[in-house]
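Survey of secondary and tertiary structure
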Amino acid sequence: MALLEVKNVNKKYGSRAAMDDVSFNVEAGHIVGLIGPNGAGKSTTMRAITGLMSYSSGQITFDGQPVTFNNHSALDKIGNLIEYPAIYPNLTALEHLKLYAMDTKNPADFKELMHKTQIDGDNFGKRKAKNFSLGMKQRLGIAIALIRNPKLVILDEPMNGLDPQSVHDLRELIRSLAEEGVAFLISSHLLDELQKLVDDVVIINHGKIIQTATIETFFIHDQARWTFDTNDNESALQIAQDKKWQATIDNGQLQISGAENLQQVITAFNAANIQIQSLNTATGNLEKSLLDMLAADNQGE
Ligand code: ATP
């Protein structure tokens, strides 16, 4: 049984379906990206999972227990950063953790949590929240989400407004927690960032799930392509065509796809004494795959 199971959940606002028969799973220790355009239903889905919102039909089960608006018992093991947690300007990070741990029987060790989320260095533990940068507030928000030692953490747009270093640090933090077995459900419009992080992807459009897949799936369909510059591009093109790879010369550069792997191409060029002067690899791209899927889905309406 998956850690989180969302089965055929429906939620309407008036006559508009914000969740239309939504089903997907989150496995323990997996990092799952929930992606889709504005208004697709991501926040609604996250709110339903955290029991913050009622839904009209379907089931949500977390760790074997039902989650509904009226049954929050499972939620002790779900941390979330959906709306900004209340951060009090005159409290330090440690004081926040103590405050949020007040109704928790077995909270995480504060010191360890502060170290993990990097809110212990540079006197940060002693500084008041009014002097925190956005990145620090975000890390504190995540520390608060982790206070109950959750098995699942739900993060809505956690990278928004963060500088590249803070995004990098956040990614490392999420990865290390996932290695300890914590699952994550993360929504983000920053797909380049998300694709570096997630194991699985759930794509939602107009309240409907249009795809659930592992991140690798997006790269398998989108074949690797290589761009070469060699000392003899014409001969290299001939070799590639003889091997039945797709090959063209574009702007003086030889582009090849369809070979099993890069080594195969290099070996073939070496055998013909062709010297490779430069090489670039273009891999799959979540953003392009998402746009293609949304275009296909919208066309089918
Ligand atoms: P974004 O990326 O812009 O945050 P989202 O994917 O999170 O979008 P939701 O916020 O879940 O989308 O909204 C899904 C749909 O439900 C939208 O059409 C939105 O207008 C509608 N909606 C959301 N909250 C409410 C509400 N409280 N009352 C009425 N309609 C709502």
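These lines cover the structure that appears in this document, whether it is placed above or below. Everything numeric here is computed off the predicted structure, so don't read it as measured data.

**Observations regarding the packing of aromatic side chains**
All told, the structure shown has one aromatic pair when counted by the stated rule. Between Phe228 and Phe269, the ring centres sit 5.3 Å apart and the planes meet at 70 degrees, which makes this aromatic pair edge-to-face. Placement of the pair is Phe228 in strand β11 (residues 225-230) and Phe269 in helix α9 (residues 262-271), with a sequence separation of 41 residues. Using a relative accessible area of 0% as the deciding quantity, one classes Phe228 as buried.

**Some details on a nonpolar patch on the surface**
Residues Tyr88, Leu99 and Met102 make up a contiguous nonpolar surface patch of about 320 Å² in total accessible area. Here Met102 shows up in the loop between α2 (93-100) and α3 (110-116). Look at Met102 and you get exposed, because its relative accessible area is 66%.

**A look at the sheet that holds strand β4 (residues 57-62)**
Read from one edge of the open sheet, four strands run β2-β1-β4-β5, paired in antiparallel fashion. The two strands at the open ends of the sheet, each matched to only one other strand, are β2 (16-26) and β5 (65-66). Pairing analysis gives seven bridges linking strand β1 (residues 4-13) to β2, with the strands arranged antiparallel. Bridge pairing in β2 places Glu5 opposite Asn25. Its contacts with the sheet put helix α1 (residues 42-49) on β1, β2 and β4, and the angle it makes with β2 is roughly 60 degrees.

**Points about the site of the ligand**
Taken together, the neighbourhood of the ligand is formed by Tyr13, Arg16, Ala18, Pro37, Asn38, Gly39, Ala40, Gly41, Lys42, Ser43, Thr44 and His189. Within the side chain of His189, an N or O atom sits 3.1 Å from an oxygen atom of the ligand. In isolation the ligand has 640 Å² of accessible area, and contact with the protein removes 59% of it. Elements with a contribution of two residues or more to the shell around the ligand: β2 and α1. Among the elements that take part in the shell around the ligand, α1 stands out by supplying three residues, more than any other. Across the shell around the ligand, the residue classes tally to four nonpolar, six polar and two charged.

**Digging into the pattern of salt bridges**
On inspection of all chains with the given rule, the structure shows eight salt bridges. Across the pair Asp63 and Lys151 runs a salt bridge whose closest N-O atoms are separated by 2.7 Å. Remark: Lys151 occurs in the loop between α4 (134-145) and β7 (152-156) and Asp63 occurs in the loop between β4 and β5; sequence separation between them is 88 residues. Taking relative accessible area as the criterion, Lys151 reaches 34% and is therefore assigned partly exposed.

**Concerning helix α10 (residues 286-299)**
Its 14 residues place the ends of α10 20 Å apart at the C-alpha level, agreeing with the 20 Å of an ideal helix rising 1.5 Å per residue. Among the residues of α10, those classed as buried are Leu286, Ser289, Leu290 and Leu294. The arc enclosing the buried residues of α10, seen along the axis, measures out at 130 degrees, which places them on a common side. Of the exposed residues in α10, those oriented more than 90 degrees away from the buried face are Leu291 and Gln299.

Calculation rules
Residues numbered from 1 in each chain as written. Predicted model: local features only at pLDDT ≥ 70, side-chain atom pairs only at ≥ 80, totals over all residues. Heavy atoms only, no water. Phe/Tyr/Trp six-rings, centres within 6.5 Å; stacked < 30°, edge-to-face > 60°. Helix = DSSP H or I, 4+ residues; strand = E, 2+ residues; numbered from the N terminus. Buried < 20%, exposed > 50% of the residue type's maximum accessible area, 1.4 Å probe, protein only. Patch = residues over 30% accessible without salt bridge, like charges linked within 9 Å, V, L, I, M, F, W, Y side chains within 5 Å. Areas by Shrake-Rupley, 256 points an atom, 1.4 Å probe, with all protein chains shown as cover. Salt bridge = Lys/Arg side-chain N within 4 Å of Asp/Glu carboxyl O. Pairing = 2+ DSSP bridges. Contact = heavy atoms within 4.5 Å. Axes fitted to C-alpha atoms, helices over the stretch in contact; angles between N-to-C directions. Near = heavy atom within 4 Å. Polar contact = N/O pair within 3.5 Å; in protein donor to acceptor, adjacent residues only side chain to side chain. Nonpolar A, V, L, I, M, F, W, Y, C, P; charged D, E, K, R; others polar. Expected span 1.5 Å × (residues − 1). Arc of directions from axis to C-beta.

That is the geometry; function is a separate question.
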